[in-house]
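# Commentary on secondary and tertiary structure
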2 protein chains.
Amino acid sequence: MSAAGPSAVRVARILAGDARAGAALMRDIDDGAVSAAEDLAALYPHAGQAFVVGITGPPGAGKSTVVDALIPLLRARGDQVGVVAVDPSSPFSGGAILGDRIRMQRHAPDDGTFIRSLATRGELGGLSRATAGVVNVLAAMGKGVILIETVGVGQDEIDVAALADTVVVIAVPGMGDDVQTLKAGILEVADVLAVNKADRDGAQLTARDLEAMLALRAEVARSAGAAVAPPPVEVILMSAGRGDGVDELLAAVDRHRHRQIATGGFAARRLRRADAELRAALGHRLRVALDQRLAAIGGLSALLADVAARRVDPYSVADALLR
Amino acid sequence: MSAAGPSAVRVARILAGDARAGAALMRDIDDGAVSAAEDLAALYPHAGQAFVVGITGPPGAGKSTVVDALIPLLRARGDQVGVVAVDPSSPFSGGAILGDRIRMQRHAPDDGTFIRSLATRGELGGLSRATAGVVNVLAAMGKGVILIETVGVGQDEIDVAALADTVVVIAVPGMGDDVQTLKAGILEVADVLAVNKADRDGAQLTARDLEAMLALRAEVARSAGAAVAPPPVEVILMSAGRGDGVDELLAAVDRHRHRQIATGGFAARRLRRADAELRAALGHRLRVALDQRLAAIGGLSALLADVAARRVDPYSVADALLR
């Protein structure tokens, strides 16, 4: 910590649930400000109570619509809700059609809900670092349920899923090769599988396909002599845009949460999250230190010209810079 | 460099175009072996001649089919071809349907073509580091044209595009919100825009939509008083699966290449690539150093339990570890 220390006033306001103070700290986190880490350190002991749900899946699966449909259900049962949208294609972020963006904003006047989008680009690892920070601010503000919407493609986005207590993977019928993508990677992180847009042709087929894959995975684990079977993964059908099946999704998420608490899986998730948070903090510190080093030697431009002309190689330059 | 130094025999074999030696080094690069950096440093002065083309776009756009269709055209005009597939949904990688994978392998017996897939997961930044390394090995093997297939979602994947001299973005008709995703991010890196699956409804509409966006971008730049207009981006229609329009795509890529050489843009791209390569090398060195530090203090598990229980915060732990 610097001599300045955390901003005691801002920390106190955030702990009292002040949305404006929370938003200001989130901006500092997104900017990578050093002072943000000091405030986050002060908030950290008070940010462990929230239940964190990851909502992931390929572009076009309807993740934002699912989040949009979950918010009123959570609010109706008394949960305060935080949302972090880290999908670059999300209506919360810059890249979306106006209609969707307006639709999401209907939650804004409700002070039990706080929505923040993140599309940090440029600093590798910045997305998971910023997401971890924003989740902690939302938790410190008293949001009991925090939804993280993420596209689930790319390491930075997959790392975001490591912050969640329960991960919902959204699939859609007729994805073609994209179902294969699900099979390849995202599926491994799923606690609940939701086939969205289930009013479309092929929804039952997609659901059966996913269930067959889960059964195969369990069978493979058994025949490989695994002591512990893979945890059960519920597959549900929904049409979030029509409001169909959203309550079933929430019930499945709740069941997963309670099963996790009963089996000790919850504690394991929290260790995984601590690991992700620590690695993000370390990575950020290292990048800041490296930038200072580069600034001290007058920047990179002369070095880069030598590398581009292949007079030196980047591996030897990296060694020299770090020595 | 360690006392061992590079493997002179392997380096010589790779420079002679030996596929087996190249493949072995690529495996070491993928594994993050320290010896890989030594061999890469020795190869680096001889790896600047290849023309590097990025093929990017959302899942399902048909990137692999485009790559598949480009290879015979390049071979027919005498180019040796290297392919790096860094799309986790690619038929080259693990996650694809068998038919596609078999289709791609028809290039394997042709020793003028070398295909390597990368799906490094777990080390943030590992994908761009490994891709940069594999591109240099392919170039040192004498591949004159190197195609990088990447999904273009996620910072690590976007960083991969920074390695390319020319970036082709593949769109498809009827992407719905995904066209918005293109607009938001990937479009900014496009040198050539290809609307694939142009036999589908809406292809002309998608192409016109993209051209309107490019015109708007030029208009915005002009009215903002930009001294230099955005470089021209050709929009072409193709159906790679039917072989339609692949020659037009290659012609557009060639035109971009020659325009770049004429205007000095090529040199700027090579500086950008040097920057990406140096940052990847630095990041890897820092991670290796950090892992050694953590191993020396007996690993993370006790620390992580304290963080998970919120007895300490990750920001202060990161500070303490790096002090």
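Residues numbered from 1 in each chain as written. Chains lettered and ligands numbered in written order. Predicted model: local features only at pLDDT ≥ 70, side-chain atom pairs only at ≥ 80, totals over all residues. Heavy atoms only, no water.

### As for the overall build of chain A
Looking only at helices and strands, one finds 13 helices and seven strands in chain A. The burial tally for chain A puts 55% of its 323 residues in the buried class. In chain A, 75% of the contacts between residues at least 6 apart in sequence involve partners at least 24 apart. Split by element, the accessible area of chain A, about 13100 Å² in all, is 56% carbon and sulfur. (Helix = DSSP H or I, 4+ residues; strand = E, 2+ residues; numbered from the N terminus. Buried < 20%, exposed > 50% of the residue type's maximum accessible area, 1.4 Å probe, protein only. Contact = heavy atoms within 4.5 Å. Areas by Shrake-Rupley, 256 points an atom, 1.4 Å probe, with all protein chains shown as cover.)

### Thoughts on the nonpolar core
By size, the foremost hydrophobic cluster in this structure holds 130 residues, and its most contacted members are A:Leu193 and B:Leu193. Those residues in contact with B:Leu193 that sit more than four places away from it in its chain are B:Val169, B:Leu187, B:Leu210, B:Leu214, B:Val233, B:Glu234, B:Val235 and B:Ile236. (Core = buried A, V, L, I, M, F, W, Y, C linked by side-chain atoms within 4.5 Å.)

### Focus: unusual backbone geometry
All names here are of chain A. Despite not being glycine, Lys 197 shows a phi value in the positive range, around 55 degrees. Mapped onto the elements, Lys 197 comes out in the loop between strand 6 (192-195) and helix 9 (203-223). The phi dihedral of Arg 310 falls on the positive side, at around 60 degrees, and the residue is not glycine. As for its position among the elements, Arg 310 is in the loop between helix 12 (301-308) and helix 13 (314-322). Overall, the relative accessible area of 11% leaves Arg 310 in the buried class.

### Thoughts on the sheet that holds strand 3 (residues 113-117) of chain A
Residue and element names in this part refer to chain A. Spatial ordering of the open sheet is given by 3-2-4-1-5-6-7, a layout of seven strands whose pairing is parallel. In this open sheet, the two edge strands, each paired with only one partner strand, are strand 3 and strand 7 (234-237). Averaged over all adjacent pairs, the angle separating strand axes in this sheet is 20 degrees, with direction ignored. For strand 2 (residues 81-85) and strand 4 (residues 145-150), the ladder comprises five bridges, and the chain directions are parallel. Pairing of Val 83 across the sheet is with Leu 147, part of strand 4. Across the sheet, helix 10 (residues 246-263) lies against strand 1 (51-56), strand 5 (166-171), strand 6 and strand 7, angled at about 165 degrees from strand 7, the strand it touches most. (Pairing = 2+ DSSP bridges. Axes fitted to C-alpha atoms, helices over the stretch in contact; angles between N-to-C directions.)

### Focus on the sheet that holds strand 6 (residues 192-195) of chain B
All names here are of chain B. Strand order in the open sheet formed by seven strands is 3-2-4-1-5-6-7, and the pairing between neighbours is parallel. If you trace the sheet from one side to the other, it starts and ends with strand 3 (113-117) and strand 7 (234-237), each paired once. With direction set aside, neighbouring strand axes in the sheet form an average angle of 20 degrees. Where strand 1 (residues 51-56) and strand 4 (residues 145-150) come together, six bridges link them in parallel fashion. By the bridge assignment for strand 4, Thr 56 is matched with Thr 150.

### Examining the pattern of salt bridges
Under the criterion given, the structure shown has 28 salt bridges over all chains. We note a salt bridge from B:Asp306 to B:Arg311, for which the minimum N-O separation is 2.9 Å. Relative accessible area serves as the criterion here: at 27%, B:Asp306 is assigned to the partly exposed category. Salt bridges linked by common partners bring A:Arg10, A:Asp28 and A:Asp39 together as one network. (Salt bridge = Lys/Arg side-chain N within 4 Å of Asp/Glu carboxyl O.)

### Considering the confidence of the model for chain A
Residue and element names in this part refer to chain A. Residues at a pLDDT of 70 or more form 82% of chain A, whose mean pLDDT is 83. Across residues 89-103, confidence stays below pLDDT 50; counting only partners more than four residues off in sequence or on other chains, it has 38 contacts. Scored as a complex, the prediction yields pTM 0.71 and ipTM 0.82. (pLDDT = per-residue confidence, 0-100.)

### Observations regarding helix 4 (residues 63-76) of chain B
Quick reminder: α-helices carry 3.6 residues per turn. Residues three or four places apart thus point the same way. Between its first and last C-alpha, helix 4 of chain B extends 21 Å over 14 residues, near the 20 Å set by a 1.5 Å rise per residue. Three or more residues of helix 4 of chain B are buried, namely B:Lys63, B:Ser64, B:Val66, B:Val67, B:Asp68, B:Ala69, B:Leu70, B:Ile71 and B:Leu74. (Expected span 1.5 Å × (residues − 1).)

### Here we look at helix 1 (residues 8-15) of chain A
Residue and element names in this part refer to chain A. Along helix 1, the positions that sit buried rather than exposed are Arg 10, Val 11 and Ile 14. For helix 1, the angular spread of buried residues about the axis comes to 100 degrees, placing them on one side. In helix 1, the exposed residues that point more than 90 degrees away from the buried face are Ala 8 and Val 9. Elements that come into contact with the buried residues of helix 1 comprise helix 2 (19-31), helix 3 (34-43) and helix 6 (126-140). Immediately beyond the C-terminal end of helix 1, within one or two residues, lies Gly 17, with a positive phi of roughly 90 degrees. (Arc of directions from axis to C-beta.)

### Digging into the packing of aromatic side chains
In total, this model carries two aromatic pairs over all chains according to the counting rule given. A centroid spacing of 6.3 Å and a plane angle of 85 degrees characterise the contact between A:Tyr44 and B:Tyr315, whose relative ring orientation is edge-to-face. Highlighted residues: A:Tyr44 in the loop between helix 3 and strand 1 and B:Tyr315 in helix 13 (residues 314-322), drawn from two different chains. An identical accessibility class is assigned to A:Tyr44 and B:Tyr315; each is buried. Here the basic side chain of B:Arg257 rests over the ring of B:Phe51, its NZ or CZ set 4.0 Å away from the ring centre. Here the basic side chain of B:Arg310 rests over the ring of A:Tyr44, its NZ or CZ set 4.0 Å away from the ring centre. (Phe/Tyr/Trp six-rings, centres within 6.5 Å; stacked < 30°, edge-to-face > 60°. Lys NZ or Arg CZ within 6 Å of the ring centre and 35° of its normal.)

### Focus on the side chain of A:Arg116
Residue and element names in this part refer to chain A. Structurally, Arg 116 can be placed in strand 3. Note on Arg 116: relative accessible area 16%, which makes it buried. Among the polar contacts made by the side chain of Arg 116, one reaches the side chain of Asp 30 at a distance of 2.8 Å. With residues up to four places along the chain from it excluded, the contact list for Arg 116 reads Ala 23, Met 26, Arg 27, Asp 30, Val 83, Val 84, Ala 85 and Val 134. (Polar contact = N/O pair within 3.5 Å; in protein donor to acceptor, adjacent residues only side chain to side chain.)

### Brief notes about the environment of A:Arg257
Residue and element names in this part refer to chain A. Topologically, Arg 257 is positioned in helix 10. Once the C-alpha coordinates of Arg 257 and Thr 166 are considered, the two residues, 91 residues apart in sequence, prove to be 6.7 Å apart. Ignoring any residue separated from it by four or fewer positions in sequence, one finds Arg 257 in contact with Phe 51 and Thr 166.

### Comments concerning the packing of helix 13 of chain A against helix 11 (residues 265-296) of chain B
Closest axis-to-axis distance for the helix 13 of chain A/helix 11 of chain B pair is 8 Å, and the angle between their directions is 50 degrees. The orientation of helix 13 of chain A with respect to helix 11 of chain B, classified from their angle, is oblique. Handedness of the crossing formed by helix 13 of chain A with helix 11 of chain B: right-handed. Contacts between helix 13 of chain A and helix 11 of chain B involve A:Pro314, A:Tyr315, A:Val317, A:Ala318, A:Asp319, A:Leu321 and A:Leu322 from the former and B:Glu277, B:Leu278, B:Ala281, B:Leu282, B:Arg285 and B:Leu286 from the latter. For the contact of helix 13 of chain A with helix 11 of chain B, a count of residues per class yields 10 nonpolar, no polar and three charged. (Parallel < 35°, antiparallel > 145°, perpendicular 65-115°, else oblique. Left-handed = near helix turned anticlockwise from the far one by under 90°. Nonpolar A, V, L, I, M, F, W, Y, C, P; charged D, E, K, R; others polar.)

### Topic: the environment of A:Phe51
Residues and elements named next belong to chain A. Here Phe 51 is to be found in strand 1. Here the alpha-carbon distance between Phe 51 and Val 233, two residues 182 residues apart in the chain, equals 19 Å. Setting aside anything within four residues of it in sequence, one finds Phe 51 in contact with Gly 144, Val 145, Ile 146, Asp 165, Thr 166, Val 253, Arg 257, Phe 266 and Arg 270.

### Overview of the side chain of A:Arg269
All names here are of chain A. Residue placement: Arg 269 occurs in helix 11 (residues 265-296). On the basis of relative accessible area, Arg 269 is assigned to the buried category, the value being 14%. With sequence-adjacent residues up to four places away left out, Arg 269 is seen in contact with Ala 164, Asp 165, Thr 166, Asp 191, His 256 and Gln 260.

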